[in-house]
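So you can see what is in the structure, the chains are spelled out below.
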Amino acid sequence: MLTNRKYLLPFILITTLFFLWGFAHNLNPILIPHLKKACELTDLESALIDSAFYIGYFIMAIPSGMLMKKFGYKSGIVFGLLLFAIGAFLFWPAAELRNFSFFLLALFIIASGLTFLETAANPYITVLGEPETATIRLNFSQSFNGLAATLAPFLGGIFILSGVHLSDEQKANMSLLEKEEFLRQEALSVQIPYLLIGIIVLLVAIIIWRVKLPEISVDNHENSISKRSIWKNKNLIFGVIAQFFYVGAQVCVSSFFIRFIGEAAGVAEKDAAMYLSVALLVFMIGRFVGTFLMKYISPRVLLAIYSIANVILLIMAINFGNMLSIYALIGVEFFMSIMFPTIFSLSLDGLGEEKKIGSSLLVMAIAGGAFFPLIMGKISDMVNIQIAYIVPLFCFLIVFLFAVQSKVKFNE
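Presented here is a report on the structure given in the accompanying data block.

**Considerations on the overall build of the protein chain**
- Counting its regular elements, the protein chain contains 20 helices and zero strands.
- Relative to its length of 412 residues, the protein chain is compact, with a C-alpha radius of gyration of 21 Å against a globular reference of 22 Å.
- The principal-axis extent of the C-alpha atoms belonging to the protein chain is close to 70 × 45 × 35 Å.
- The burial tally for the protein chain puts 59% of its 412 residues in the buried class.

**Looking at the side chain of Thr291**
- Relative to the helices and strands, Thr291 resides in helix H14 (residues 269–293).
- Among the polar contacts listed, one links the side chain of Thr291 to the backbone oxygen of Arg287, at a separation of 2.7 Å.

**A look at helix H12 (residues 234–255)**
- Over its 22 residues, H12 runs 31 Å from end to end, which matches the ideal 32 Å to within 8%, given 1.5 Å per residue.
- Within H12, 16 of the 22 residues are buried, which leaves the element mostly enclosed by the surrounding structure.
- Structurally, the start of H12 carries an N-cap: the backbone nitrogen of Asn235 is 3.2 Å from a side-chain oxygen of Asn233.

**Remarks on the pattern of salt bridges**
- Per the counting criterion, the structure on display carries seven salt bridges.
- For the salt bridge of Lys179 with Glu40, the shortest nitrogen-to-oxygen distance reads 3.0 Å. Residue Lys179 is located in helix H10 (residues 176–188), and its partner Glu40 is located in the loop between helix H2 (28–38) and helix H3 (43–46); the two are separated by 139 residues in the primary sequence.
- The salt bridge partner of Glu96 is Arg184, with a shortest N-O separation of 4.0 Å. Remark: Arg184 occurs in helix H10 and Glu96 occurs in helix H6 (residues 91–97); sequence separation between them is 88 residues.
- Taking the relative accessible area as the measure of exposure, Glu96 reaches 39% and is therefore partly exposed.
- Among the charged side chains, a salt-bridge network with shared partners connects Lys37, Glu186 and Glu269.

**Description of the nonpolar core**
- Membership of the largest hydrophobic core comes to 141 residues, with the highest contact counts inside it found for Leu17, Leu81, Tyr194, Tyr246 and Tyr389.
- It is helix H7 (residues 100–126) that provides the largest number of residues to this core, a total of 15 residues.
- Dropping the residues within four chain positions of it, Tyr246 is found in contact with Phe283, Met336, Met339, Phe340, Ile343, Phe396 and Val399.

**A look at the environment of Asp43**
- You can see Asp43 is positioned in helix H3.
- Under the relative-accessibility criterion, Asp43 is labelled buried at 4%.
- Considered as a pair, Asp43 and Phe256 are 213 residues apart in the sequence and their alpha carbons are 9.2 Å apart.
- Ignoring anything within four residues of it in the chain, the contact list for Asp43 reads Lys36, Phe256, Arg259, Gly377, Ser380 and Asp381.

**Looking at the environment of Leu48**
- With respect to the helices, strands and loops of the structure, Leu48 is situated in helix H4 (residues 48–71).
- The spatial distance from the C-alpha of Leu48 to the C-alpha of Gly377 is 9.2 Å, given a sequence separation of 329 residues.
- If sequence neighbours within four positions are ignored, Leu48 has contacts with Phe100, Leu104 and Leu374.

**Some words on the packing of helix H1 (residues 8–25) against H7**
- Interhelical geometry of H1 versus H7 gives an angle of 145° and a closest axis separation of 10 Å. Where H1 crosses over H7, the handedness of that crossing is left-handed. Counting all contacts with H1, which are made through Pro10, Phe11, Ile14, Thr15, Leu17, Phe18, Trp21, Ala24 and His25, the residues of H7 involved are Ile110, Leu114, Leu117, Glu118, Ala121, Asn122, Tyr124 and Ile125.
- Partitioning the contact of H1 with H7 into residue classes produces 13 nonpolar, three polar and one charged.

**Focus on H4**
- For H4, with 24 residues, the first-to-last C-alpha span of 33 Å sits near the 34 Å given by 1.5 Å per residue.
- The sharpest bend along H4 comes to roughly 50°, located at Met60, with the proline Pro63 sitting one to four residues further on.
- Two residues or fewer past H4, Gly72 is found with a positive phi of approximately 100°.

Here is what the cut-offs are and how they apply
- Residues numbered from 1 in each chain as written.
- Predicted model: local features only at pLDDT ≥ 70, side-chain atom pairs only at ≥ 80, totals over all residues.
- Heavy atoms only, no water.
- Helix = DSSP H or I, 4+ residues; strand = E, 2+ residues; numbered from the N terminus.
- Rg over C-alpha atoms; globule rule 2.2 N^0.38 Å.
- Buried < 20%, exposed > 50% of the residue type's maximum accessible area, 1.4 Å probe, protein only.
- Polar contact = N/O pair within 3.5 Å; in protein donor to acceptor, adjacent residues only side chain to side chain.
- Expected span 1.5 Å × (residues − 1).
- Salt bridge = Lys/Arg side-chain N within 4 Å of Asp/Glu carboxyl O.
- Core = buried A, V, L, I, M, F, W, Y, C linked by side-chain atoms within 4.5 Å.
- Contact = heavy atoms within 4.5 Å.
- Axes fitted to C-alpha atoms, helices over the stretch in contact; angles between N-to-C directions.
- Left-handed = near helix turned anticlockwise from the far one by under 90°.
- Nonpolar A, V, L, I, M, F, W, Y, C, P; charged D, E, K, R; others polar.
- Bend = angle between axes of the 7 residues up to and from the residue.

Everything listed is a geometric property; what it means functionally is a separate question.
Listed below in structure tokens is the structure:
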């Protein structure tokens, strides 16, 4: 996949970033049920965890792209890692105060840092080799994002979730002091994990700051340089829309996974976290399988097939309960696996010197993760969490439309 050995170390370091932000993203499905309990929230209020996180992408996407265009990828990466570390360290005082707004601020800062990382890393990977293998290369690096997605809920379930869920009757029988102490201990369990995350991220920032990374000019890797306004590029604009809906779907499916299987299949909190870890392991496997299949099937065709598969699986999850609904959601994780990097790469096709700005718009589209969970949380509060999964179902239909927007054929 790499055509020059001088790109090997940069490729490894940038791929490490995919792991780090994947870990941060996939602790949110643990935080949602955990802080719902610790801060006594509704489903709609707990969905603000995703909203605070992904709104950071929306606000910081354009500034990060401008910084990258002026100062280069490395500056953006180091600055993003520093923001990431600061946000992680803020979890300590947020837990001490058991203040939900403080948690949301910390998550917003983390996401702001991740915006810089994703704006830099995704296009950086695409130009570390031949253009025709860019999508395969990006899917390979994104596979380590999938590895982090598997580990995050597994470790979060062990070190953050207590497994204790008090009924309304049990709470009513507790004294005010007993209840406050219980909630305080629940909140404090996030301190050590996020402190360790902050330290690791800070160390990575120092390493990347000290290592020389090549500043790659996209002009050397793009034969097609767009002369039109970027806003007139229909493929990019539709890609941004598709990414908005896709990220909304991904966040909805994963963030409410624990709540879903608890209600639809009666699975306990810690066991549900293990199921989520398995689901995200399947997500990672899907990345490798998808990367292999793209050698024989056009990325656009594969995206269309995977989108329809998810629509069918979500119909099953909504209409059936027990283990069948769990297996259906695990299947959705598999078929989601290639979507983000594939939409990203297909949307940037032919942008040339505008690739960094196009990347910023695609990263901005991650704000879909802030919008759709709120709708899903509201539907869950009004009806139930199972019916609320109609939200990601609709989102995957939009991804399908992007995949078939132009002629598709095998081995195109």
